[in-house]
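What follows is each chain in one-letter form.
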Amino acid sequence: MTVTEKIAALRRVMLETQIDAYIIPSTDPHQSEYPAPRWESRIWMSGFTGSAGTLVVTLHEAKLWTDGRYYLQATDQLAGTGIELMKDRLPDTPSIEDWLGSTLLSGQQVGCDGRVVSVNTVRRMRNKLAKHDLKLVTEEDLIRKIWKDRPAVPGKSVFEHKPDYSGVPWQERLKKMQDWVGEQHLDYYLVAALDEIAWLLNMRGSDIDFNPLAVCYLVVGAKGDHSLFSAPRPGLEPWKALLEVHDYDKMSSFLRRINALNADIGLDPATTSARLCMYAGDDKAAQIASPIPDWKAIKNEVAINHLREALRQDAVPLLKLRRWLDQAIPEGVNEYEVGAKLTALRAELPLYVTDSFPPIVGYGPRGAIIHYRAPYRGSGQLAAEGLLLIDSGGQYHNGTTDITRTFALGPVTEDMKRHFTLVLQGHIDLAMARFPKSTSGVQLDTLARRPLWQEELNYGHGTGHGVGFFLNVHEGPVGIAANPRSPMMQRPLKPGMVLSNEPGYYLEGAYGIRTENLVLVTEGEREDWLRFETLTLFPIDRQLIVKEMLSPAQLAWVNDYHARVLAEVGPLLEDQEEQAWLTAACAAL
């Protein structure tokens, strides 16, 4: 079926069910950023493959809302589908609810699948739609009526992430959660978020590409009566001593049963679906934010030391790739092949499991597409000139990595150098920041943007996101971005948190620039002060730096950073030519 045929089929089902508009989000029953194929309904319906976006279909129109990271990609992928792009977060773009209010008649019905939309989202949507006298109904999964070959709930094998890496046995973490449930005066607490379950149980899987997660639910009992709900899968034996294991589709009936017994049930309204909340008693259920994101965000010393080593090792495949490019470009190579080569080089490392996301390899104008994914067919050919942006990372048993570098492949313009240096200045200013405890990400974001703002330039994405430990490459509960209304940006940074530092600049139709390192929040020299330790170790392209634009402190940072890269990565290189390349790349400015 084409996208046009799918939308036509959906409209026929909407007429049958008396639904006047249907909302298709990007989420799954666990509110994952990247859902398993079974729940990629928005991708299947629209053809738009970005990680964020919401499709809204009425009987006469179809529109897709997405943010600035994906404007260019969505414009390309939606062409010819009849779906109109709505550029979310721009002043002139109405919200989904306001647009529906101006489009539908009073009393009409808006539908969405309550199995994949959170309690909080349903509450917010219902309140906003009510202002337009529209009714939200969440009972119908209309996609299942038209997606005939929809994938099954995944059930790939799982394994234990050993305490040698995690620093804490899963039994200890589970007991901590059990005690917390008792402190809340609950009988049971439902954990729905996949990365929370993975961290709590030290369980890793491969149900979702690039995320070492298993699709399941966990119910923690205050008296030690814990239950795991999962599709049948190999590898669950280590957890069966403390957990009862049930089929994934028994989650709803379990909640109905303990609710009928008047058990006090708790759940997180941000990560639990509206449907499961209904089975748990709706308003009767205690809606309490899970403590796990805060626990998970603060890495212990064992994990931090492993991550430092993972990032040292992760520099080697990127170095090999950069040297390989000089040989491959004259022979002919495209963006997809560069990404595949980098994946193959990472896979040579002994603790490698998978990439942490699909490599973003954007040459020239495609570098300006913030989350560009080079297609197997039709990728751009590289040439010995201009800029190449590579954003990539790996999932290793000893950590998760995420690094972006912008490379000069040959002659570049003075504007390219100037823009690169402005981005670098912002990166350095954030890396050197000292800030008092209780400082949040929104307060730090301006440091990275200031050099660009001085020239009335900006970038349309956040400056930093949390990073998991052999978990999701994007992790809450904190971040660094300009949105003061975002709860994540209001949360204070704490020692032990790992975030990215990734300002950028994107000139549409010409090139993109981003420099990204991972940083660790550490104690400052004075009491109640914090600072960042840069963890990522890879040279920044010296050919693109305008030395005269740097302050003395910024210049010292670059030279100190490169000296550290050489000292820590150099001993890992056995090839003398690789050592010589690194020495030259790390030479003082």
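Residues numbered from 1 in each chain as written. Predicted model: local features only at pLDDT ≥ 70, side-chain atom pairs only at ≥ 80, totals over all residues. Heavy atoms only, no water.

Novice: Looking at this structure, how should I read the environment of glutamine 490?
Specialist: Within the fold, glutamine 490 resides in helix α16 (residues 487-490). Put simply, glutamine 490 and glycine 479 are 11 residues apart on the chain and 8.6 Å apart in space, counted from C-alpha to C-alpha. When residues no more than four places from it in sequence are discounted, the contact partners of glutamine 490 are Ser440, Pro484 and Arg485. Of the polar contacts made by the side chain of glutamine 490, one reaches the backbone oxygen of proline 484; its length is 2.6 Å. (Helix = DSSP H or I, 4+ residues; strand = E, 2+ residues; numbered from the N terminus. Contact = heavy atoms within 4.5 Å. Polar contact = N/O pair within 3.5 Å; in protein donor to acceptor, adjacent residues only side chain to side chain.)

Novice: Please clarify how the packing of aromatic side chains should be interpreted in this entry.
Specialist: Two aromatic rings, taken as a pair, are described by how far apart their centres are and by the angle between their planes. The tally for this structure, following the rule as stated, stands at 17 aromatic pairs. Relative to tyrosine 70, the ring of phenylalanine 48 lies with its centre 5.8 Å away and its plane at 80°, an arrangement referred to as edge-to-face. Linking phenylalanine 48 in the loop between α2 (41-46) and β2 (54-58) with tyrosine 70 in the loop between β3 (62-66) and α3 (71-78), this pair joins segments that are 22 residues apart in sequence. Side by side, phenylalanine 48 and tyrosine 70 carry an identical accessibility label, which is buried. Here the aromatic cluster, defined as three or more aromatic residues joined through ring pairs, consists of Trp39, Tyr217 and Tyr248. Here the guanidinium or amino end of arginine 256 rests over the ring plane of tyrosine 279, the centre of that ring lying 4.8 Å away. (Phe/Tyr/Trp six-rings, centres within 6.5 Å; stacked < 30°, edge-to-face > 60°. Buried < 20%, exposed > 50% of the residue type's maximum accessible area, 1.4 Å probe, protein only. Lys NZ or Arg CZ within 6 Å of the ring centre and 35° of its normal.)

Novice: Explanation requested: the packing of helix α14 (residues 414-431) against helix α17 (residues 552-569) in the structure shown.
Specialist: If you want to describe how two helices pack, look at the angle between their axes and the distance between the axes. At a closest axis distance of 10 Å, the pairing of α14 and α17 adopts a crossing angle of 85°. By the angle class used here, α14 and α17 are roughly perpendicular. Contacts between α14 and α17 involve Leu424, Gln425, His427, Ile428, Asp429 and Ala431 from the first element and Gln554, Trp557 and Val558 from the second. Taken together, the residues of the contact of α14 with α17 sort by class into five nonpolar, three polar and one charged. (Axes fitted to C-alpha atoms, helices over the stretch in contact; angles between N-to-C directions. Parallel < 35°, antiparallel > 145°, perpendicular 65-115°, else oblique. Nonpolar A, V, L, I, M, F, W, Y, C, P; charged D, E, K, R; others polar.)

Novice: I keep staring at unusual backbone geometry and nothing clicks. Help me out?
Specialist: Both trends apply: most residues other than glycine have a negative phi, and most peptide bonds are in trans. Going from glycine 476 to proline 477, the amide bond is cis rather than trans, its omega being 5°. Along the chain, proline 477 turns up in strand β23 (residues 475-480). Of note, aspartate 133 is a non-glycine position whose phi angle comes to about 60°, a positive value. Looking at the element boundaries, aspartate 133 is found in the loop between α5 (119-130) and β6 (135-137). Positioned with a positive phi, aspartate 282 is a non-glycine residue whose angle comes to about 55°. As for its placement among the helices and strands, aspartate 282 is situated in the loop between α10 (274-279) and β14 (286-287). For aspartate 282, a relative accessible area of 37% gives the class partly exposed.

Novice: Quick question: what am I supposed to make of the domain arrangement of the protein here?
Specialist: How large an interface is tends to be reported as the accessible area lost when its parts come together. Assigned domains within the protein: domain 1 (3-146), domain 2 (159-291) and domain 3 (298-584). Of the roughly 1400 Å² buried where domain 1 meets domain 2, counting both sides, 55% is carbon and sulfur surface. Of all residues in domain 1, the largest losses of buried area upon contact with domain 2 belong to His30, Arg115 and Val119, amounting jointly to 39% of the total for that side. Counting across the domain 1 and domain 2 interface gives zero salt bridges. Counting every contact that joins domain 1 to domain 2 gives nine residue pairs in polar contact (both at pLDDT 80 or more). Looking at the side of domain 1 that touches domain 2 residue by residue, the class counts come to 10 nonpolar, seven polar and four charged. (Domains from an automatic or database assignment. Buried area = accessible area lost by both parts, 1.4 Å probe. Salt bridge = Lys/Arg side-chain N within 4 Å of Asp/Glu carboxyl O.)

Novice: Which parts of the structure should I look at to understand the pattern of salt bridges?
Specialist: Where side chains of opposite charge bring their charged atoms close, a pairing between them can arise. Summed over the entire model, instances satisfying the criterion amount to 29 salt bridges. In this structure, lysine 63 engages glutamate 84 in a salt bridge whose closest nitrogen and oxygen atoms are separated by 2.3 Å. Pair noted here: lysine 63 is in strand β3 and glutamate 84 is in strand β4 (residues 84-87), with a separation of 21 residues, a long-range link. Here lysine 437 makes a salt bridge to glutamate 523, at a shortest N to O gap of 3.4 Å. Note that lysine 437 is positioned in the loop between β21 (434-436) and α15 (441-453) and glutamate 523 in strand β27 (residues 517-523), a separation of 86 residues in sequence. Exposure remark for glutamate 523: the relative accessible area of 43% places this residue in the partly exposed category. One continuous salt-bridge network, built from bridges that share partners, spans Asp195, Lys296, Lys299 and Glu475.

Novice: Looking at this structure, how should I read the sheet that holds strand β16 (residues 360-363)?
Specialist: Sheet strands pair by backbone hydrogen bonding; their relative direction is either parallel or antiparallel. Taken in spatial order, the three strands make up an open sheet running β16-β17-β20, and their pairing is antiparallel. On the outer flanks of this sheet lie β16 and β20 (403-408), each paired with one strand and no other. Going across the sheet, the axis of each strand differs from the next one's by a mean of 10°, ignoring polarity. Where β16 and strand β17 (residues 387-392) come together, four bridges link them in antiparallel fashion. (Pairing = 2+ DSSP bridges.)

Novice: Please clarify how the packing of α14 against α15 should be interpreted in this entry.
Specialist: Interhelical geometry of α14 versus α15 gives an angle of 155° and a closest axis separation of 7 Å. The orientation of α14 relative to α15 falls into the category roughly antiparallel. The crossing of α14 and α15 is right-handed. Of α15, the residues touching α14 (which contributes Leu422, Val423, Gln425, Gly426, Asp429 and Leu430) are Leu444, Leu447, Ala448, Arg450, Pro451 and Leu452. (Left-handed = near helix turned anticlockwise from the far one by under 90°.)

Novice: Teacher, can you tell me more about the nonpolar core here?
Specialist: Formed by 76 residues in total, the largest nonpolar core has its most connected members in Leu382 and Phe532. Those residues in contact with phenylalanine 532 that sit more than four places away from it in its chain are Leu430, Ala431, Ala433, Phe435, Leu444, Ile480, Leu493, Val519, Leu520 and Val521. Core analysis: the second largest hydrophobic core is formed by 71 residues, Leu213, Cys216, Trp239 and Tyr279 among them. (Core = buried A, V, L, I, M, F, W, Y, C linked by side-chain atoms within 4.5 Å.)

Novice: Honestly, the environment of serine 500 in this entry has me stumped. Any pointers?
Specialist: Its place among the elements puts serine 500 in strand β24 (residues 498-501). In this structure serine 500 comes out as buried when scored by relative accessible area, which is 0%. Taking the C-alpha atoms as reference points, serine 500 and asparagine 334, separated by 166 residues in sequence, lie 28 Å from one another. Within the structure, serine 500 has its side chain in polar contact with the side chain of glutamate 502 (distance 2.8 Å).

Novice: Would you mind going over the pairing of β23 with me for this structure?
Specialist: Every other side chain in a regular strand lies on the same face of the sheet, so the side chains alternate between the two faces. Counting buried positions along β23 yields five of six residues, so the element is predominantly enclosed. Sheet topology places strand β22 (residues 464-466) next to β23; three bridges connect them, and they run antiparallel. The residue bridging histidine 465 from the neighbouring strand is glycine 479, located in β23.

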